[in-house]
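Architecture and fold: a report
Spelled out from the first residue to the last, the chains are:
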Amino acid sequence: MHSFLAHRRACATKRHEREERIRLLAPEYHAPISVAEKELLAHPASDIVTSVQAGSLAPTEVLVAYGKQALRAHAATNCLTEVLIAKAEGWAKTCNTQGPLAGMPVSVKDTVGFEGEDSCIGYSVWVGRPVKRDSALVRLLKDAGAVPFVKTNVPITLLSFESANEVFGTTTNPHNKDYSPGGSTGGEAALLAYGGSRLGIGTDVAGSVRVPSHFSGVYTIKASMHRFLRTGNVTSMPGQEGVPAVYSPMTRTLDDLEFFWKAVVSMKPWEYDHSVLPIPWREVDLDAGKPIRWAVMWDDGVVALSPPCRRALETVVSELTARGHEVVMLNPPSPPFEGFRLAFQLLLAEAGKLIPKLSARPIRWGEATDPGMLQARIAFTLPRFVKRVWAWYLRRVKHDEAYAGLVEDCYEKTTEQYMGLIAEREAYREVWFEKLKNDAIDFVLTAPNALPATPHGGMKDGFKGCGYTFLWNMLDYSAGILPVTHVDKELDTLDKDALIPRNAIERGMYEMYDAAKMHGLPVGVQVVGRRLEEEKVLEGMKIIESILKDSGKAYTLLEPAE
C-alpha cells in the first residue's frame, strides 16, 4: 500500500509541476498565435536558421512562436512531459547564432538527459531524480545553436507502439484522438504532426521512430548503430545490446529531415560521444551510375498489409515503375519471421526481468504497465512445460507456427544460449547482406506496419505485430519513413467475414481494423537501405516524394484548426 500511495503522489506531483511550468510562462505564450508567427511556423528550418545567422530574426522570436504552438499541441494531444521553455528563453538569448542550428527550437523524447531535469520515462519511482549532466546529444545541440525547449511523452517500458503512462497520461493522435500517435516516440510524433516543432529526436529498437512517423504522418530515418549520439541519456533497459536502441531525427517535412541530419553530422558528433563512428556526411548522387533497383516486401509472413497500407505501397511502386525504375519483388533469403523471432529473443533474453527490477523496481505496486508488455511478462513467468504444451497446441492443432514460435521462446536465456543467439544474428545478417549484394538491390520498399494507427489499448493484440520494422533493427539497416496518403473509408473497406487469419497475431491485429473509424489517418511507406546508408536512404525518399508531387499525389500535412 505504501508503494501505491507513493506512486499516486509522484504522478500528482509531476503533473502539477508540468501545469505550473506552463501557467507561469510569460503572457505572450498564452496569447493567440499572430499572423507573423503563423508565417514563421510555415518556414522550413533551413530558412529560419539562415535568418537567425543573418541577424534578421531573433532566436527568442522563434522560441515564442514554437512555444505557443507546442502548448496548443499539448492541449490537443497531451504530448509533452518536461516543459523547458522557461530555461530555453535563457538558452535562446545566448545561443550560437552562427551555428548550423542557430536559434532553431528542437524537441526531444523524454529519454534525453538534461542537467537538473527528470527523465523518468513514465516510471513514478524516477520522478524527482534529475539527471546530473547534459547528455552528449544535448551538448551538441546547444553548441550548434539549437534551442531545446520541450521533452515528449513515451510509454512505460519504452516497448510499445502507444505512448501512455500514469505519470504523464496518454498521448493521442492529432489526426484522431481515439487513436495512438505511435510509440515509443509517440509524443514527439504528435508534436511534429501538429506543427509544434519541426525538428525532433527519438529512439528506435523495434520501430519506435518509424511507427510513430507512420501513425502520425511525419518523417524519419532510423540510423544504424553508432551513427547518432546516445551517451548520457536514460533507458529502460541499460546494457541491452542484442538489438540496441538507436537515436534518430524525426521531422515535420523531408526537407527538414535532410537539413537536421546534415547539421548534426557537421558538428562531428564523434567528438561528443565515444560511441559514434567518425563518418562525415556523404553526398549521394543516385542519377549517376547504374539504374536504381527497388525490391518490394509485400508481406512479412505474419500479418498481411491492411488495404490502406497496401494501397500506399502500390501507389509508390506504380509511380516508380511508370518512370522507368526497376522494381522487383523481394525474395527474402530467409523468412522475415525468423528475423523477428530472433530479434524478440535477443531483446528480451533476460525474460523481461531487467525492466521491472532495475533500480528499486521501477514499476511500483499498483502502477499500470503497457498491455502488450503485461502479456509478455505473463508468458515469461509461466512454467516451461506449460509453454511447451501451449506451443504444441498452437502448432499441431491450430496450425499457428508464428505464435507457437513466440510462446516457446518466452524463457530466460543462459549466457551460452544468449551467445548462441548473437551468433545466429550475425549469420542471419550475413545471409541478407549477400542476398542484397548479389541481386544488386539498392532499396527495399515495404510498409512500416500492417495497420495505420491503432486504437488506444490496441497493444494488447498489436505488440507482436512489429515485423515490418523489427526486422531492420535486427539487421541494423538504415530505414526511412515518409507519409504517402490517408485512410479512405471508401477505398479501404475490408470484409472481415471473408478474412481468414493465418495466425493469432494476424487475427488480433485485424480485430482493430475499421476503415470508417480510421478514415483520415496517415499512411506511410518504408524505404530501407543497408547498414550506415542514411544518406542513400534520404535520396531514395526524395525520389519517391518528388514523383508523388509530380503526379499530383503529394501528401498533405496536418494543419490544425484554430
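For the structure, check the block above.
Residues numbered from 1 in each chain as written. Predicted model: local features only at pLDDT ≥ 70, side-chain atom pairs only at ≥ 80, totals over all residues. Heavy atoms only, no water.

1. A word on the overall build of the protein chain
Helix and strand counts for the protein chain stand at 21 helices and 13 strands. Along the first, second and third principal axes, the C-alpha set of the protein chain runs to 70 × 65 × 50 Å. For the protein chain, the residues scored as buried account for 60% of the 562 residues in total. A sequence separation of at least 24 residues applies to 81% of the contacts in the protein chain between residues at least 6 apart. Accessible surface for the protein chain amounts to roughly 21,200 Å². Of this, 55% is attributable to carbon and sulfur atoms. (Helix = DSSP H or I, 4+ residues; strand = E, 2+ residues; numbered from the N terminus. Buried < 20%, exposed > 50% of the residue type's maximum accessible area, 1.4 Å probe, protein only. Contact = heavy atoms within 4.5 Å. Areas by Shrake-Rupley, 256 points an atom, 1.4 Å probe, with all protein chains shown as cover.)

2. Some thoughts on the layout of surface pockets
Approximately 420 Å³ is the volume attributed to the largest pocket. In terms of lining, the largest pocket is formed by 28 residues, of which the most central are Arg230, Val234, Thr235, Met237 and Ala245. Looking at side-chain class alone, the lining of the largest pocket contains ten nonpolar, 14 polar and four charged residues. (1 Å grid on protein atoms, 1.4 Å probe; cavity = no way out; pocket = protein on both sides within 12 Å on 5 of 7 lines; lining within 4 Å. Points joined across faces, edges and corners; volume = space filled by probe spheres on them. Nonpolar A, V, L, I, M, F, W, Y, C, P; charged D, E, K, R; others polar.)

3. Section: helix H4 (residues 59-77)
For H4, with 19 residues, the first-to-last C-alpha span of 26 Å sits near the 27 Å given by 1.5 Å per residue. Here H4 lies mainly inside the structure; 14 of its 19 residues are buried. Positive backbone phi, approximately 60°, marks Asn78, located one or two places after H4. (Expected span 1.5 Å × (residues − 1).)

4. Let's talk about the packing of helix H14 (residues 384-397) against helix H15 (residues 401-408)
The contact between H14 and H15 brings their axes to 8 Å, and the two run at 170°. In terms of axis orientation, H14 runs roughly antiparallel to H15. Taking contact as the criterion, the partners of Lys387, Trp390, Ala391, Leu394 and Arg395 in H14 are, on H15, Glu401, Tyr403, Ala404, Gly405, Val407 and Glu408. Residues of the contact of H14 with H15, tallied by class, amount to six nonpolar, one polar and four charged. (Axes fitted to C-alpha atoms, helices over the stretch in contact; angles between N-to-C directions. Parallel < 35°, antiparallel > 145°, perpendicular 65-115°, else oblique.)

5. Examining empty space enclosed by the protein
Inspection of every chain in the model, using the stated rule, returns five cavities of 30 Å³ or more. Space inside the largest cavity adds up to approximately 210 Å³. In this structure, the largest cavity is lined by 18 residues; those nearest its centre are Leu159, Ala206, Leu347, Phe463 and Cys466. Examining the composition of the lining of the largest cavity, we find that three residues originate from one element, helix H11 (residues 336-347), more than from any other. Among the residues forming the lining of the largest cavity, the class breakdown is 15 nonpolar, two polar and one charged.

6. Considering the pattern of salt bridges
Under the definition given, this model contains 42 salt bridges. Note that Lys262 is salt-bridged to Glu283, the shortest N-O span being 3.4 Å. Residue Lys262 is located in helix H9 (residues 254-266), and its partner Glu283 is located in the loop between H9 and strand E9 (293-296); the two are separated by 21 residues in the primary sequence. With a closest N to O distance of 3.1 Å, Glu539 and Lys542 form a salt bridge. Linking Glu539 with Lys542, this pair stays in helix H21 (residues 534-550), spanning three residues, or about one helical turn. Taking the relative accessible area as the measure of exposure, Lys542 reaches 30% and is therefore partly exposed. Taken together, the shared-partner salt bridges connect Lys14, Glu17, Arg21, Glu82, Lys87, Glu117 and Asp118 into one network. (Salt bridge = Lys/Arg side-chain N within 4 Å of Asp/Glu carboxyl O.)

7. Notes on the sheet that holds strand E7 (residues 219-222)
An order of E1-E3-E2-E6-E8-E7-E12-E13-E11-E9-E10 is seen for the eleven strands of this open sheet, with the pairing classed as mixed. Among the strands making up the open sheet, the edge pair consists of strand E1 (80-83) and strand E10 (326-329). Neighbour-to-neighbour, the strand axes of this sheet turn through a mean angle of 30°, independent of strand direction. Lying on the sheet, helix H5 (residues 85-94) is in contact with E1 and strand E3 (147-152); it crosses E3 at an angle near 160°. Packing against the sheet, helix H7 (residues 186-194) makes contact with E1, strand E2 (105-109), E3, strand E6 (199-204) and strand E8 (246-251), and its axis sits at approximately 155° to E6. (Pairing = 2+ DSSP bridges.)

8. A look at the environment of Phe149
Following the sequence through the fold, Phe149 ends up in strand E3. We classify Phe149 as buried; its relative accessible area is 0%. Put simply, Phe149 and Val264 are 115 residues apart on the chain and 17 Å apart in space, counted from C-alpha to C-alpha.

9. Things to note about unusual backbone geometry
A cis amide bond links Gly183 to the next residue, Ser184, at an omega of 5°. The residue Ser184 is located in the loop between strand E5 (169-170) and H7 in this model. In the Ramachandran plot, Ile121 falls in the positive-phi region, its phi being about 40° despite a non-glycine side chain. Residue position: Ile121 is located in the loop between E2 and helix H6 (136-143).

10. A few points about the pairing of E10
The two faces of the sheet receive side chains in turn, since in a regular strand these alternate between them. By the bridge criterion, four bridges tie E9 to E10 in an arrangement that is parallel. Residue pairing in the sheet places Arg293 in a bridge with Glu326 of E10. Where the polypeptide runs from E9 across helix H10 (residues 307-322) and back to E10, its parallel neighbour, the crossover connection is right-handed. (Right-handed = clockwise from strand over helix to strand, strands pointing away.)

11. Let's talk about the pairing of E9
Bridge count between E9 and strand E11 (residues 443-446): three bridges; the pairing is parallel. Its bridge partner being in E11, Trp294 is matched across the sheet by Phe443.

12. A few points about the state of the cysteines
Per the counting criterion, the structure on display carries zero disulfides. Unpaired in terms of disulfides, Cys79 finds its nearest cysteine sulfur in Cys120, a separation of 16 Å. A disulfide-free cysteine, Cys466 has its sulfur positioned 13 Å from the sulfur of Cys410, the nearest such atom. (Disulfide = S-S within 2.5 Å.)

13. Remarks on the side chain of Lys151
Following the sequence through the fold, Lys151 ends up in strand E3. Residue classification places Lys151 among the buried positions, given a relative accessible area of 0%. One polar contact links the side chain of Lys151 to the main-chain carbonyl oxygen of Asp110, over a distance of 3.1 Å. A polar side-chain atom of Lys151 sits 2.6 Å from a polar atom in the side chain of Ser119. The residues contacting Lys151, other than those within four sequence positions of it, are Cys79, Leu80, Thr81, Glu82, Leu84, Val108, Lys109, Asp110, Val112, Phe114, Asp118 and Ser119. (Polar contact = N/O pair within 3.5 Å; in protein donor to acceptor, adjacent residues only side chain to side chain.)

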